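If you want the building blocks of each chain, they are given just below.
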Amino acid sequence: MKFLKFIILARRRFLDGNKKNNIHYINFQKFQAEEIINELRNRGINLSSMRVLELGSGKGGYSLVFKKYAKELIISDFKKSEISGLNHRLKFKRVDVNKRYPFKDNSFDLVFSCSLIEHVENPDNMLSEIKRVLKPNRYLYLSFPPFYSPVGGHGLKPFHLLGEKNSIRIINVLKGRNIKSYKTLWINYGLYKRTIKQVKRLLFKKSFEIKDIWTRFFPINTAKIPIINEFLTWHVCFLCKNKK
C-alpha cells in the first residue's frame, strides 16, 4: 500500500506545473521523508539526539519532516530554498557542493543527501567535505537513482538508455527543448552517470564504512544483486559511518 501511495503522489507532483507553492511536490517529498526516517530508525538511527545537515534541500519537503525529528537541522542548497522563506524555523545555509562547505570540522551527526550526487560534477569533493564536517563514527545517508535504471535519466527517461546524443535529440523534438548535453540539462545543474558501483568505490576511497545498502520503498532489495542492480534499482540508499 505504501508503494502504491508513493506512485500516486509521484504522479500528482506534475500537477504543480510552474506554480510557486509546489504543494504536490512538497507532499511527495514529505511522504518519502517519513518513510526514510522509518528506514533509518529500523537501522538504529535516532534523529532526536542528532545535529543534521541536509544537502540539496530544494523545495523543502524533506526538510519540514526532518525538522520534526532532529535535535537540530541545517538545510542547504546552492540557492535559498524555496520553502525556507515560508518557514522561519528552518535554518538555511548556502552551499556549493563542488567547493568547501561553510561549516567547521566535526559539526554534524548525520548528513542527509537525497537525489543530489547524480547532479554533482565533482562527487569526490562532495564526499570529502561530507567526511570533514561529520563527526567521527557518525552517519551519512546517501541515495540516488542509478543512471542505468528506468528512471535514472530523470527528465530524459527512458530515452537516456539510448545514449546521450539520441536521448537529447528525442527530448528536444518531443518537448521543444534545446538541450546541448547532459551537463546543461537544467539551468543551474546537469546530469552525470552515477552508478551503484561507482559510488561504492568513491565511498570506500573516502574511508566510509557502508553499513547497509537497500532499495527505497521496494519489497525486493535489488540494490544488493550483482550486475543487474544497476538496471533494476530505481533508487539506491546507502547508510555509511564516518571512519576517521
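In this text, all values refer to a predicted model and were calculated from it rather than measured experimentally. (Residues numbered from 1 in each chain as written. Predicted model: local features only at pLDDT ≥ 70, side-chain atom pairs only at ≥ 80, totals over all residues. Heavy atoms only, no water.)

**Some details on the side chain of Asp-77**
Now for step 1: Within the secondary structure, Asp-77 is located in strand β2 (residues 72–77).
Now for step 2: In this structure, Asp-77 is buried with no salt-bridge partner, the nearest side chain bearing the opposite charge being Lys-79 at 7.6 Å. (Helix = DSSP H or I, 4+ residues; strand = E, 2+ residues; numbered from the N terminus. Buried < 20%, exposed > 50% of the residue type's maximum accessible area, 1.4 Å probe, protein only. Lys, Arg positive; Asp, Glu negative; His and termini not counted. Salt bridge = Lys/Arg side-chain N within 4 Å of Asp/Glu carboxyl O.)

**Quick word on the pattern of salt bridges**
Now for step 1: Scanning the model with the defined rule gives 15 salt bridges in all.
Now for step 2: Residue Lys-68 is joined to Glu-34 by a salt bridge in which the shortest nitrogen-to-oxygen separation is 3.0 Å. One end of the pair, Lys-68, is in helix α3 (residues 61–69); the other, Glu-34, is in helix α2 (residues 23–42), and 34 residues separate them in sequence.
Now for step 3: The partly exposed category is assigned to Glu-34, whose relative accessible area is 24%.
Now for step 4: Through salt bridges with shared partners, a single ionic network connects Arg-43, Asp-212 and Lys-224.

**Section: helix α4 (residues 123–133)**
Now for step 1: Burial analysis of α4 places nine of its eleven residues in the buried class, the great majority of the element.
Now for step 2: Those residues of α4 not exposed but buried are Pro-123, Asn-125, Met-126, Leu-127, Glu-129, Ile-130, Lys-131, Arg-132 and Val-133.
Now for step 3: Where α4 is buried, its residues contact β1 (51–55), β4 (108–114), β5 (134–144), α6 (196–205), β6 (208–215) and β7 (236–242). (Contact = heavy atoms within 4.5 Å.)

**Considering the packing of α2 against α3**
Now for step 1: Closest axis-to-axis distance for the α2/α3 pair is 7 Å, and the angle between their directions is 40°. Classed by the angle they form, the pair α2 and α3 counts as oblique. In this structure, the crossing between α2 and α3 has a hand that is right-handed. Each of Ile-26, Gln-29, Lys-30, Gln-32, Ala-33, Glu-34, Ile-36, Ile-37 and Arg-41 in α2 lies in contact with α3, whose residues at this interface are Gly-61, Tyr-62, Leu-64, Val-65, Phe-66, Lys-68 and Tyr-69.
Now for step 2: Each residue belonging to the contact of α2 with α3 can be placed in one class, and the counts come to nine nonpolar, three polar and four charged. (Axes fitted to C-alpha atoms, helices over the stretch in contact; angles between N-to-C directions. Parallel < 35°, antiparallel > 145°, perpendicular 65-115°, else oblique. Left-handed = near helix turned anticlockwise from the far one by under 90°. Nonpolar A, V, L, I, M, F, W, Y, C, P; charged D, E, K, R; others polar.)

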